[in-house]
Amino acid sequence: MSQRILIVGAGLYGATCARELHDAGHRVHVIEQRDAPGGNCATRYLPEADCHEHVHGAHIFHTDSDRIWAWVNRFARFNAYVHRVKVCHADAIYSFPINLFTLYQVFGVRTPQQARDALARERQPIAAPANLEEHCLATVGPTLYRLFIEGYTRKQWGRHPSQLPAEIIKRIPVRLSFDDNYFNDRYQGIPIGGYAALFDRLLAGIPVEFDVDFLRDRDHWLARYDRVIYTGPIDAFFDRCHGALEYRSLRFERELLPLADFQGAAVVNYSDAAVPFTRIIEHRHFELPSAARTEAARHTLITREYPAHGGPGREPYYPVGTAVNLARYERYRALADALAPQVHFGGRLAEYRYLDMHQVIGAALAQVQRLLSPGRHGAVTIARAA
Ligand code: UDP
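Residues numbered from 1 in each chain as written. Predicted model: local features only at pLDDT ≥ 70, side-chain atom pairs only at ≥ 80, totals over all residues. Heavy atoms only, no water.

J.: Summarise the packing of aromatic side chains; cite the residues concerned and give the values.
T.: If you walk through the whole model with that rule in mind, you get 29 aromatic pairs. Relative to Tyr318, the ring of Trp157 lies with its centre 5.5 Å away and its plane at 65°, an arrangement referred to as edge-to-face. Of this pair, Trp157 sits in helix H6 (residues 142-157) while Tyr318 sits in strand E15 (residues 318-319), and the two are 161 residues apart along the sequence. For Trp157, a relative accessible area of 6% gives the class buried. (Phe/Tyr/Trp six-rings, centres within 6.5 Å; stacked < 30°, edge-to-face > 60°. Helix = DSSP H or I, 4+ residues; strand = E, 2+ residues; numbered from the N terminus. Buried < 20%, exposed > 50% of the residue type's maximum accessible area, 1.4 Å probe, protein only.)

Following this line, the structure appears as structure tokens:
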């Protein structure tokens, strides 16, 4: 039977659920507190620079999954962008993530074997690394750690790397070849027309209301729908009764420059502790150059990214996975579970997890599958519409 389903949040998790549940015949209604869909992957077209601005920071879609790549390609064509980041430290530019060219720049080594030997000399014998700093000292040693990791991580997280879990950095590869691709995944790219084009198609035919604050009228909304999928911060849903979950926030400083090209790459990281921002994004480089645009665009947009404390009035970006926060999250999770199956909590903010876009889609598809298959997964009740 077709059910009335409210989806709170038009980010990637909400939009994926909305698409699938709508296509399965349910009556889906999406509400969003911002004035546009897309969550933090939102882009908007900037005519002055003739490119799409990544409004909430760089978002590069990448996945190793055939299934997720095929699914997302139903809604967008992707360009052939490959993420290649440079790092600036003390005015020198380095290749990154750490690869043979980086090791050549830092240690003068020219072959994979020389690089392996250099790393073996650098590494510190730490048998069971207990934090991000020890993990780096044990895998790449102090020289590379100080050049690339220590200052950047301290700025990004507002804590010393010795107080952070190693998991944060494990997503970044270290290679002994000249491959400087940031990701190991088989597929990557940026939607042609920006993420706005992707969300237009994801949400096509589905009613979406903007500038709606669900929490202000929570009980009113809950009473009107058979099911609610909530993608906002889990602590806010429960009025932060167990205390606020900590998030790292970001402040963006935009500058439109009368130049065709400012830095020659989409992202340059600033790993020096003395520089207050972590990276500069130059938006036009996310799109592959077309001859027409190079002629037309006499301006380029750059954004400096400053990490900031989270808290009231600040956008929550990164969950801070310390033991205290994770324990607090578990208490909220217990409250959330007690609302199942009427209310489901999903996505980066509601699950308090640092998720890439492909992981968000994967989690949303799995959740919808559970909702559509009654009985197979315990307390599940939404039946596929006839
Ligand atoms: N990192 C670093 N130096 C860099 C880039 C990344 O130390 O130049 C560390 C930092 O701790 C960061 C983590 O690696 O939080 C993950 O980096 P990634 O680029 O994946 O972060 P995101 O783009 O999601 O912020």
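J.: Mind laying out the side chain of Glu287, listing which residues take part and the relevant values?
T.: Looking at the secondary structure, you find Glu287 in the loop between strand E13 (279-282) and helix H11 (291-296). Relative accessible area serves as the criterion here: at 18%, Glu287 is assigned to the buried category. Polar side-chain contacts of Glu287 include one of 2.8 Å to the backbone nitrogen of His52. (Polar contact = N/O pair within 3.5 Å; in protein donor to acceptor, adjacent residues only side chain to side chain.)

J.: Tell me what's going on with helix H3 (residues 100-107), and back it up with residues and numbers.
T.: Inspection of H3 places Leu100, Thr102 and Leu103 among the buried residues, and these make up the whole buried set. The buried residues of H3 occupy an angular sector of 155° when the element is viewed end-on, so they sit on one face. The elements touched by buried residues of H3 are strand E7 (92-96), helix H4 (112-122) and H6. Phi for Gly108, located one or two positions after H3, is positive at around 80°. (Arc of directions from axis to C-beta. Contact = heavy atoms within 4.5 Å.)

J.: Explain the pattern of salt bridges residue by residue, including any values.
T.: Across all of its chains, the model carries 24 salt bridges by this definition. The salt bridge involving Asp66 is made with Arg186; its shortest N-O contact spans 3.4 Å. Pair noted here: Asp66 is in helix H2 (residues 66-72) and Arg186 is in the loop between helix H7 (167-170) and strand E8 (187-189), with a separation of 120 residues, a long-range link. Look at Asp66 and you get partly exposed, because its relative accessible area is 42%. Each of the salt bridges in this network shares a partner with another, and the network as a whole consists of Arg251, Glu253, Glu255 and Arg304. (Salt bridge = Lys/Arg side-chain N within 4 Å of Asp/Glu carboxyl O.)

J.: Could you give me a rundown of the site of the ligand, with the residues and numbers involved?
T.: Close to the ligand lie 17 residues, the nearest being Thr153, Arg171, Tyr182, Tyr318 and Tyr354. In this structure, an oxygen atom belonging to the ligand sits 2.6 Å away from a side-chain N or O atom of Tyr182. One of the side-chain N or O atoms of Tyr318 is found 2.5 Å from an oxygen atom in the ligand. Within the complex, 93% of the 530 Å² of free accessible area of the ligand lies under protein. Looking at the shell around the ligand, the elements that each hand over two or more residues are H6 and H7. (Near = heavy atom within 4 Å. Areas by Shrake-Rupley, 256 points an atom, 1.4 Å probe, with all protein chains shown as cover.)

J.: Mind laying out the pairing of strand E10 (residues 227-230), listing which residues take part and the relevant values?
T.: Sheet faces and side chains relate simply in a regular strand, where the side chains alternate between the two faces. By the alternation rule, side chains of E10 split into Arg227 and Ile229 and Val228 and Tyr230, which are all buried. Pairing of strand E1 (residues 4-8) with E10, which is carried by four bridges, proceeds in the parallel orientation. Within E10, the position partnered with Ile7 by the bridge is Ile229. (Pairing = 2+ DSSP bridges.)

J.: So, the sheet that holds E13: which residues are in play, and what are the values?
T.: Strands sit in the order E7-E6-E12-E13-E14-E11-E15 across an open sheet of seven strands; the sheet is mixed. Edge positions in the sheet fall to E7 and E15, since each of these pairs with one other strand and no more. Two strands pair when backbone bridges link them, and strand E11 (residues 247-257) and strand E14 (residues 300-309) are joined in this way by 10 bridges, in the antiparallel orientation. Across the sheet, the residue bridging to Ser249 is Ala308, located in E14.

Function-wise, these values are silent; they only describe arrangement.
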